Amino acid sequence: MLDIAVMRDRLAEHYELAPNADLAEDLADLYAKMDRVVPPADWAMHAPYVAAINRLKRERNAVVLAHNYMTPEIYHGIADFVGDSLQLAIEATRTDADVIVQCGVHFMAETSKILSPGKIVLIPDTGAGCSLAESITAEGVAEMRARYPGAPVVSYVNTTAEVKAASDICCTSSNAAQIVAAMAGDTVIMTPDTYLAQNVAREVPQKNVVWWEGSCIVHERFTAEDIAAFRDWNPDTRVIAHPECPPSVVDAADFSGSTKGIIDYVSREKPRNAMLLTECSMASNIADALPEVDFVGPCNMCPYMKKITLEKVLWSLHTMSPAVEVEAQTAEKARRAVQRMIDLSRQLGI
Ligand code: 13P
Ligand code: SF4
């Protein structure tokens, strides 16, 4: 990855990137989707990047697949498709673009490449990792298989291609319980998220769910004590937790679901006050569409997701790099695990 200052200078040789109030006005339709959370002066800074990226996307026949944790200027300004991990993976199989720009973390870009090996998949910052993906290797999966012979391995999609290749099937937070329930045998190995596995174990009591010790640095920080203290102060608040949170937090919440599940729940219920125990951009991205909801309380930033910026997306499309590559044999095995998840999800109506 280039030095940011060098990147900025090189981009300035090709694009007009100074803050531009007139361009910001021209792009008022896009701004209307985020004006509750993005100040006008910031939009005047973002607008030249948004215009340049959207132009380059057309020239390169590229699509931007953006995760729900992207900042509003990415989510509303340049994304062609937004969603949770499962939705993004499915979209990667459907798009007929030549180039996918993955606005999310590295495992998401790898998943897109695994599913669309013929396409160029760009990740604007290769340092956009994930504490869960970093917590386990293929050797770790082999260790679990040795400990629980014959038990199927369900690996969270937040894993490297090598770990997916060593697993029987993948899951995401939107289908984990149903996938585990559909596995043959009594014992099911889940990797690498301990809390997701513990939450699933309670939903699927007919299975003996065993897990790897890994966690998400964003969701492990929420506590049931914080929720109780917040409810004392504001009893009217609807608390919504991602299933990567500890079970005690999920217990103290009113609802738990994937990032798509959270968006659907808040959009449907429209609570007066909503506390989203997940990444901070989630609330920002839906704030304009839900003016009747006040998003209150703490959230945590994912430092990996936040590595993706408009500037790096523009650089990535300008240089057509960094492109994600997955070794062919690993990709083939990993594809089986991801495709099995997609097919089973479709069968189960998820
Ligand atoms: P979702 O699949 O719910 O979008 O979660 C992905 C993720 O990384 C959450 O931390
Ligand atoms: Fe990984 Fe957690 Fe960031 Fe999601 S929020 S990408 S699980 S570190």
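Everything numeric in this text was worked out from a predicted model, so none of it was measured.

(A) The packing of helix α1 (residues 4-14) against helix α16 (residues 310-319), seen in detail. It is at 11 Å that the axes of α1 and α16 come closest, and there the two elements cross at 65°. Where α1 crosses over α16, the two elements pack in a sense that is left-handed. Facing α1, whose interface residues are Ile4, Met7, Arg8, Arg10, Leu11 and His14, α16 presents Glu311, Lys312, Leu314, Trp315 and His318. Split into classes, the residues belonging to the contact of α1 with α16 amount to 5 nonpolar, 2 polar and 4 charged.

(B) Fine view of the site of ligand 1. Ligand 1 sits among His67, Tyr69, Asp84, Ser85, Asn158, Ser173, His219, His242, Glu244, Ser258 and Thr259. The separation between an oxygen atom of ligand 1 and a polar side-chain atom of His67 is 2.6 Å. Measuring from an oxygen atom of ligand 1, one finds a side-chain N or O atom of Thr259 at 2.6 Å. When ligand 1 is considered free in solution it has 300 Å² of accessible area, and contact with the protein chains removes 97% of it. Of the pockets mapped on this structure, ligand 1 occupies the largest cavity. When grouped by side-chain class, the residues that make up the shell around ligand 1 number 1 nonpolar, 8 polar and 2 charged.

(C) A look at empty space enclosed by the protein. Throughout the structure, instances matching the rule amount to 3 cavities of 30 Å³ or more. Roughly 240 Å³ of internal volume is contained in the largest cavity. Along the wall of the largest cavity there are 25 residues; nearest its centre are Tyr69, Cys130, Asn158, Glu244 and Met305. The residue inventory of the lining of the largest cavity, partitioned by class, reads 13 nonpolar, 10 polar and 2 charged. Taken as a whole, the second largest cavity encloses approximately 50 Å³ of empty space. Forming the walls of the second largest cavity are Ser85, Leu88, Ala89, Gln102, Phe107, Met108, Thr111, Ser112 and Val157. Secondary-structure elements contributing two or more residues to the lining of the second largest cavity are α6 (85-94) and α7 (106-115). The element best represented in the lining of the second largest cavity is α7, accounting for 4 residues.

Scoring rules and cut-offs
Residues numbered from 1 in each chain as written. Chains lettered and ligands numbered in written order. Predicted model: local features only at pLDDT ≥ 70, side-chain atom pairs only at ≥ 80, totals over all residues. Heavy atoms only, no water. Axes fitted to C-alpha atoms, helices over the stretch in contact; angles between N-to-C directions. Helix = DSSP H or I, 4+ residues; strand = E, 2+ residues; numbered from the N terminus. Left-handed = near helix turned anticlockwise from the far one by under 90°. Contact = heavy atoms within 4.5 Å. Nonpolar A, V, L, I, M, F, W, Y, C, P; charged D, E, K, R; others polar. Near = heavy atom within 4 Å. Polar contact = N/O pair within 3.5 Å; in protein donor to acceptor, adjacent residues only side chain to side chain. Areas by Shrake-Rupley, 256 points an atom, 1.4 Å probe, with all protein chains shown as cover. 1 Å grid on protein atoms, 1.4 Å probe; cavity = no way out; pocket = protein on both sides within 12 Å on 5 of 7 lines; lining within 4 Å. Sits in = over half its atoms within 2 Å of the grid points. Points joined across faces, edges and corners; volume = space filled by probe spheres on them.

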